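Chain and residue survey
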Amino acid sequence: METKGLTCKIPLDLHNRISEEIKQNESTMSKFIEQIILEHYAKGVINMGKTRTMAFQVSEELFQQIKDYLARYEQTYHRRLSQKEFVISLIEQALAEADEEFEAAEAAAAEDLADEAEDMDQEDEATSDVESDEDAEPDDAPEGDAVLADCT
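Here is a short report on the structure shown in this document. (Residues numbered from 1 in each chain as written. Predicted model: local features only at pLDDT ≥ 70, side-chain atom pairs only at ≥ 80, totals over all residues. Heavy atoms only, no water.)

**With respect to the overall build of the protein**
Of the regular secondary structure elements, the protein holds five helices and zero strands. Reading the helices (α) and strands (β) of the protein from amino to carboxyl end gives α-α-α-α-α. The buried share of the protein, reckoned over its 152 residues, is 9%. Contacts in the protein between residues far apart in sequence, at least 24 positions, make up 37% of those at least 6 positions apart. Surface summary for the protein: the accessible area is close to 14100 Å², and the carbon and sulfur share equals 54%. (Helix = DSSP H or I, 4+ residues; strand = E, 2+ residues; numbered from the N terminus. Buried < 20%, exposed > 50% of the residue type's maximum accessible area, 1.4 Å probe, protein only. Contact = heavy atoms within 4.5 Å. Areas by Shrake-Rupley, 256 points an atom, 1.4 Å probe, with all protein chains shown as cover.)

**Considerations on the nonpolar core**
Judged by nonpolar contacts, Ile 66, Leu 70, Tyr 73, Leu 81 and Phe 86 together constitute the single largest core of five residues. Ranked by the residues each element gives to this core, the list is headed by helix α3 (residues 60-77), at three residues. Not counting the four nearest positions on each side in its chain, Leu 81 is found in contact with Tyr 69, Leu 70, Tyr 73 and Phe 86. (Core = buried A, V, L, I, M, F, W, Y, C linked by side-chain atoms within 4.5 Å.)

**Some thoughts on a negative patch on the surface**
Taken together, Glu 111, Asp 112, Asp 115, Glu 116, Glu 118, Asp 119, Asp 121, Glu 123, Asp 124 and Glu 125 make up a surface patch of like negative charges. Owing to a relative accessible area of 45%, Glu 118 belongs among the partly exposed residues under this scheme. (Patch = residues over 30% accessible without salt bridge, like charges linked within 9 Å, V, L, I, M, F, W, Y side chains within 5 Å. Salt bridge = Lys/Arg side-chain N within 4 Å of Asp/Glu carboxyl O. Lys, Arg positive; Asp, Glu negative; His and termini not counted. Charge placed at Lys NZ, Arg CZ, Asp CG, Glu CD.)

**A look at helix α1 (residues 12-24)**
Taking 1.5 Å per residue as the helical rise, α1 with its 13 residues ought to reach 18 Å, and the 18 Å between its terminal C-alpha atoms agrees with that figure. For α1, the full list of buried residues reads Ile 18, Ser 19 and Ile 22. Down the axis, α1 shows its buried residues gathered within 100° of arc, on one side only. Residues Asp 13, Arg 17, Lys 23 and Gln 24 are exposed on α1 and point more than 90 degrees away from its buried face. A positive phi of about 50° marks Glu 26, the residue just after α1. (Expected span 1.5 Å × (residues − 1). Arc of directions from axis to C-beta.)

**Some remarks on unusual backbone geometry**
A negative phi holds for most residues other than glycine; trans holds for most peptide bonds. In the Ramachandran plot, Glu 26 falls in the positive-phi region, its phi being about 50° despite a non-glycine side chain. Tracing the chain through its elements places Glu 26 in the loop between α1 and α2 (29-46). Overall, the relative accessible area of 74% leaves Glu 26 in the exposed class. Backbone geometry at His 78 places phi at a positive 55°, although glycine is not the residue there. Following the sequence through the fold, His 78 ends up in the loop between α3 and α4 (83-135). Take His 78: its relative accessible area is 46%, and that puts it in the partly exposed class.

**Here we look at the pattern of salt bridges**
Scanning the model with the defined rule gives two salt bridges in all. For Glu 39, the salt bridge identified is with Arg 79, shortest N-O distance 3.5 Å. Residue Glu 39 is located in helix α2, and its partner Arg 79 is located in the loop between α3 and α4; the two are separated by 40 residues in the primary sequence. For Arg 79, the salt bridge is made with Glu 85, and the minimal N-O distance between the two is 3.5 Å.

**Some points on α3**
In a regular helix each residue adds 1.5 Å, so 18 residues correspond to 26 Å; α3 covers 26 Å between its end C-alpha atoms and thus fits that length. If you check which residues of α3 are buried, you get Ile 66, Leu 70 and Tyr 73. Each buried residue of α3 sits inside an arc of 60° when the element is viewed along its axis, so together they form one side. α3 presents Glu 60, Glu 61, Arg 72, Gln 75 and Thr 76 as exposed residues on the side facing more than 90 degrees away from its buried surface. The first or second residue beyond α3 is His 78, which carries a positive phi of 55°.

And the structure:
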């Protein structure tokens, strides 16, 4: 992959914070800046439309589990995952799974309707066969002339 340098001036206290974080994560300034820029563009894609706020409370135990997960995530992937990113990804995943379930349920319902329609068509055919058999003369009945011949 071809790369190109990027130079900018930032306040010294911010530079020191970044440098400390890079040391803690055993990373490099290039990787850090690349990560920040990629996150910025990723958020830009997600937040291009109107946004709404969702607020809810969770138990202290669940909150600590989330914090522990986020800390492990950062140690494992050397990338900070915010609570917001984490919750949004879970919601998006759940909605995608729900969409798949809804589509499967709708397909099953459509298949059931098709099966019912097919069953009704078969019943209609069977009923019309029985009605046409009733109108026909029985096979064991004598033919018209033969009946008259027996009567004489």
